[in-house]
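Listed below are the residues making up each chain.
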Number of protein chains: 2
Amino acid sequence: MTTVLRMTKQREIILEALEGASHPSAETIYAEVRKRLPHISLGTVYRNLRQLKETGDISELQCSGEYSRFDSNLSRHYHVTCSLCGMVMDIDIDPASLKEMEEEVGKKTGFDISSHCVGFHGICQDCKG
Amino acid sequence: MTTVLRMTKQREIILEALEGASHPSAETIYAEVRKRLPHISLGTVYRNLRQLKETGDISELQCSGEYSRFDSNLSRHYHVTCSLCGMVMDIDIDPASLKEMEEEVGKKTGFDISSHCVGFHGICQDCKG
DNA sequence: GTCAATGCAAAAACTTTGCAACATT
DNA sequence: AATGTTGCAAAGTTTTTGCATTGAC
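Residues numbered from 1 in each chain as written. Chains lettered and ligands numbered in written order. Predicted model: local features only at pLDDT ≥ 70, side-chain atom pairs only at ≥ 80, totals over all residues. Heavy atoms only, no water.

Re the domain arrangement of chain A
All names here are of chain A.
Argument step 1. One can read the domain layout of chain A as domain 1 (1-73) and domain 2 (75-129).
Argument step 2. Taking only C-alpha atoms, the centre of domain 1 and the centre of domain 2 are 22 Å apart.
Argument step 3. Every contact between the two is made by nine residues of domain 1 and, on the other side, 12 residues of domain 2.
Argument step 4. For the pair domain 1 and domain 2, the summed buried area comes to about 830 Å², and 49% of that belongs to carbon and sulfur atoms.
Argument step 5. Broken down residue by residue, the surface that domain 1 buries against domain 2 is led by His23, Cys63 and Asn73, which jointly contribute 56%.
Argument step 6. Our count for the domain 1 to domain 2 interface comes out at zero salt bridges.
Argument step 7. Seen at the junction of domain 1 and domain 2, the total is seven residue pairs in polar contact (both at pLDDT 80 or more). (Domains from an automatic or database assignment. Contact = heavy atoms within 4.5 Å. Buried area = accessible area lost by both parts, 1.4 Å probe. Salt bridge = Lys/Arg side-chain N within 4 Å of Asp/Glu carboxyl O. Polar contact = N/O pair within 3.5 Å; in protein donor to acceptor, adjacent residues only side chain to side chain.)

Okay, here's the thing in structure tokens:
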């Protein structure tokens, strides 16, 4: 019995916030959504993010710092995070060699590899100045 | 003015716990150290782990799950984490292609890349059975 | 003796959850 | 009408911190 998600005002606006921002954190989404729904609760934001992640409508970044960041871009791609300001930028690199590595790792360790996460860290152009 | 770390009984035993365990979490280290120092506090464990990390005596894993895990092996290497039992295993893969990627990422994004993190996730042999 | 380190407890930071009221289907 | 969803507040988890006391040098 699959549970059907209902399209509530809250969910709708959370999704719009996801699409309008770059890799926002839950807190950032909360702040954004509150401009249009002042009474929404942080709990609702977290619940929705988890559900949308489970249904595969959004993804959660890994290797991007201390707390969760979310992404409405579902294609396989990687990220750089600025160690100073926390800014996250998409990287256009070919996942092929990582895919190869997955296979190699599976063979070497006996694990059934289901995913990998890669993240780069450094200082962004703005923070260099 | 560099602060000199003092070798306390606590620090010594924490380091031994680090070396005797495989990628332990703070909580695991706490449990282990408490066998020999029953009155040590969790705060002391966290403080020491942070200090040892800062002095470069140990490293903190990334991409290894929800909470921090530590490593007394300082050489550059990567990890697989079991999604079921949380077990972490070292992987013997060549970091060369990742190093190349770092350069490519720097060029493409304008970031000064200082590090990258890579982690693989899957099901370990024990959990498959 | 000096000052880093400890134990303890309180708090911070992020996230989850219980529950009655409410809204979508 | 049925049940998924919300707001609120309380609580859970992991990690940090303030402070008086202790201990390494």
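Considerations on the relation of the copies chain A and chain B
Argument step 1. Once chain A has been moved 0.0 Å along the axis and rotated by 180 degrees, it coincides with chain B to within an RMSD of 0.1 Å. As the rotation angle and translation indicate, the two copies are arranged about a two-fold axis. Looking at the rotation axis and the C-alpha trace of chain A, the residue lying nearest is Val118(A), at 2.2 Å.
Argument step 2. When you check the interface residues of chain A against chain B, 100% turn up at the interface there too, and the contact is symmetric in its surfaces. (Least-squares fit on C-alpha atoms with pLDDT ≥ 70 in both.)

Focus on unusual backbone geometry
Argument step 1. Notably, His23(A) is not glycine yet its phi reads approximately 50 degrees, a positive angle.
Argument step 2. As for its placement among the helices and strands, His23(A) is situated in the loop between helix H1 (9-20) and helix H2 (26-34). (Helix = DSSP H or I, 4+ residues; strand = E, 2+ residues; numbered from the N terminus.)

Re the protein's contact with DNA strand D
Argument step 1. Among the 23 residues in the neighbourhood of DNA strand D, the closest are listed as Arg6(A), Arg11(A), Thr44(A), Arg6(B) and Tyr46(B).
Argument step 2. Near the protein, within 4 Å, the atoms of DNA strand D are sugar or phosphate in 67% of cases.
Argument step 3. Thr8(A) places a polar side-chain atom, nitrogen or oxygen, 3.0 Å from a phosphate oxygen of DNA strand D.
Argument step 4. In the environment of DNA strand D, a sugar or linking oxygen lies 2.9 Å from a nitrogen or oxygen atom belonging to the side chain of Gln10(A).
Argument step 5. Sorting the residues of the surface near DNA strand D by element identifies H1 and helix H3 (42-54) of chain A together with helix H3 (42-54) of chain B as the ones contributing at least two each.
Argument step 6. The greatest single-element share of the surface near DNA strand D, amounting to five residues, is contributed by H3(B).
Argument step 7. Considering only residue class, the surface near DNA strand D consists of seven nonpolar, 10 polar and six charged. (Near = heavy atom within 4 Å. Nonpolar A, V, L, I, M, F, W, Y, C, P; charged D, E, K, R; others polar.)

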